[in-house]
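Here is how the chains run, residue by residue.
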Amino acid sequence: MPADFQIRHAVAADLPALVALERRAFTTDHLSPRQYRHHLSNPRALVLAAVDRTGLLGKAVVLFRKGSDIARLYSIAVDDAARGRGIAKALLRAVERDVRGRGCTRLRLEVNQANPAAIALYEKIGYRRFGAYAGFYEDGTDAWRYEKLLAGTKATRPRP
Ligand SMILES: CC(C)(COP(=O)(O)OP(=O)(O)OC[C@H]1O[C@@H](n2cnc3c(N)ncnc32)[C@H](O)[C@@H]1OP(=O)(O)O)[C@@H](O)C(=O)NCCC(=O)NCCS
C-alpha cells in the first residue's frame with residue numbers, strides 16, 4: 001500500500017510545528033527553537049519532516065562532523081496520533097539514504113534505556129547496541145548507544 005505521508009527536507013516555515021512536536025514528544029532534553037533554526041540552515045545537519053496534508057507528523061535530526069564518517073541521529077519523533085504507521089521507519093530509511101550519500105559509513109544514536117518503543121524500532125531495523133552513557137539525559141536517566149553499519153560499507157568492529 002502506498003504511504004499516505006511524504007518525507008521531505010524541513011524548511012524554516014516548519015519551525016513552529018517542529019518545536020510543538022518536540023514539546024509533545026519529549027518530557028526532557030528538548031531541542032530549542034534556536035537549535036532548530038541553526039540545524040535548518042547548517043550544512044552539517046539534516047532535518048527531515050514527515051508530512052501529510054494535515055501538517056507535520058514526524059521529524060528526524062542528524063548531525064555530521066567534519067572529517068568523520070560517523071553520523072549521529074540526534075532526534076527522532078512521531079506525533080502521538082500518527083504512531084504505528086511506519087513513519088519512524090520511513091524517516092530512518094530516508095536518513096540512512098542521505099547519510100550514505102554524504103559518504104558516511106555508520107549511523108550512531110543514543111536512546112533512553114527506559115524507552116522500549118524506540119529500542120524496539122532501532123533493533124528491528126538493524127541497529128546494534130555497543131555501549132552506554134550513565135546519566136546522559138537532563139533528568140539523570142541513562143542511555144544506550146546504538147550503531148548501524150550502513151549497507152554497502154565494509155564491516156569492521158565498532159570504534160569507541
Ligand atoms: C519511537 C517512535 C519514534 C516510533 O515511531 P512510529 O512511527 O510509531 O514507529 P513505526 O510505526 O515506524 O514502528 C516501527 C517499528 O518500531 C517498533 N515500535 C514502534 N512503536 C513501538 C511500541 N510502542 N512498542 C513496541 N515497539 C514499537 C516496532 O518494531 C515497529 O515495527 P512494527 O510496526 O512492524 O511492529 C515514537 O513512538 C515516538 O515518537 N516516541 C516519542 C519520541 C521518542 O521516544 N523518540 C526516540 C528517541 S531516541
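Placed above this text is the structure.
Treat the numbers as computed from the prediction; the structure is a model and nothing was measured.

Caption draft 1: Examining the site of the ligand more closely. The environment of the ligand is made up of 20 residues, and the closest members are Arg83, Ala88, Ala117, Ala120 and Leu121. Put simply, the parts of the chain that give the shell around the ligand at least two residues each are strand 4 (70-78), helix 3 (87-101) and helix 4 (116-124). At six residues, the largest contribution of residues to the shell around the ligand is made by helix 4. A class-by-class count of the residues in the shell around the ligand yields 13 nonpolar, three polar and four charged.

Caption draft 2: The arrangement of the environment of His9 in detail. Structurally, His9 is set in strand 1 (residues 6-9). Classification of His9 as exposed rests on a count of 12 C-beta atoms within 10 Å. Each C-alpha atom of the pair His9 and Leu73 lies 15 Å from the other, and the pair is 64 residues apart in sequence. With near-sequence residues (within four places) excluded, His9 lies in contact with Val47 and Leu48.

Caption draft 3: Local environment of the nonpolar core. Leu48, Ala60, Val62, Leu91 and Val95 are the most contacted members of the largest nonpolar core, which totals 37 residues. Elements with a contribution of two residues or more to this core: helix 1 (15-25), strand 2 (45-52), strand 3 (55-63), strand 4, helix 3, strand 5 (106-112) and strand 7 (143-149). With six residues, helix 3 is the largest single contributor of residues to this core. Contacts of Val95, omitting those with residues within four sequence positions, involve Leu46, Leu48, Ala60, Val62 and Leu73.

Caption draft 4: Region of the structure containing the packing of helix 1 against helix 2 (residues 33-41). Packing of helix 1 against helix 2 leaves a shortest axis separation of 10 Å and a crossing angle of 130°. For the element pair helix 1 / helix 2, the angle class is oblique. Both helix 1 and helix 2 take part in a crossing whose hand is right-handed. Counting all contacts with helix 1, which are made through Leu15, Leu18 and Val19, the residues of helix 2 involved are Pro33, Tyr36 and Arg37. For the contact of helix 1 with helix 2, a count of residues per class yields five nonpolar, no polar and one charged.

Caption draft 5: Helix 1, seen in detail. Along helix 1, the residues classified as buried are Leu18, Leu21 and Glu22. Buried residues along helix 1 cover an arc of 105° about the axis, so they all sit on one side. Opposite its buried face, helix 1 presents the exposed residues Pro16, Arg23 and Arg24, each directed more than 90 degrees away. Among the structural elements, helix 2, strand 3 and strand 4 are those in contact with the buried residues of helix 1.

Caption draft 6: Molecular detail of the sheet that holds strand 3. The strand order across the open sheet built from seven strands is 1-2-3-4-5-7-6, with neighbouring strands paired in mixed fashion. A strand with exactly one partner marks an edge of an open sheet, and here the two such strands are strand 1 and strand 6 (128-133). Neighbour-to-neighbour, the strand axes of this sheet turn through a mean angle of 30°, independent of strand direction. By the bridge criterion, four bridges tie strand 4 to strand 5 in an arrangement that is parallel. Pairing of Leu73 across the sheet is with Leu109, part of strand 5.

Criteria and cut-off values
Residues numbered from 1 in each chain as written. Predicted model: local features only at pLDDT ≥ 70, side-chain atom pairs only at ≥ 80, totals over all residues. Near = placed C-beta within 6 Å. Helix = DSSP H or I, 4+ residues; strand = E, 2+ residues; numbered from the N terminus. Nonpolar A, V, L, I, M, F, W, Y, C, P; charged D, E, K, R; others polar. Buried ≥ 20, exposed ≤ 12 C-beta atoms within 10 Å, placed from the backbone. Contact = placed C-beta atoms within 7 Å. Core = buried A, V, L, I, M, F, W, Y, C linked by C-beta atoms within 7 Å. Axes fitted to C-alpha atoms, helices over the stretch in contact; angles between N-to-C directions. Parallel < 35°, antiparallel > 145°, perpendicular 65-115°, else oblique. Left-handed = near helix turned anticlockwise from the far one by under 90°. Arc of directions from axis to C-beta. Pairing = 2+ DSSP bridges.

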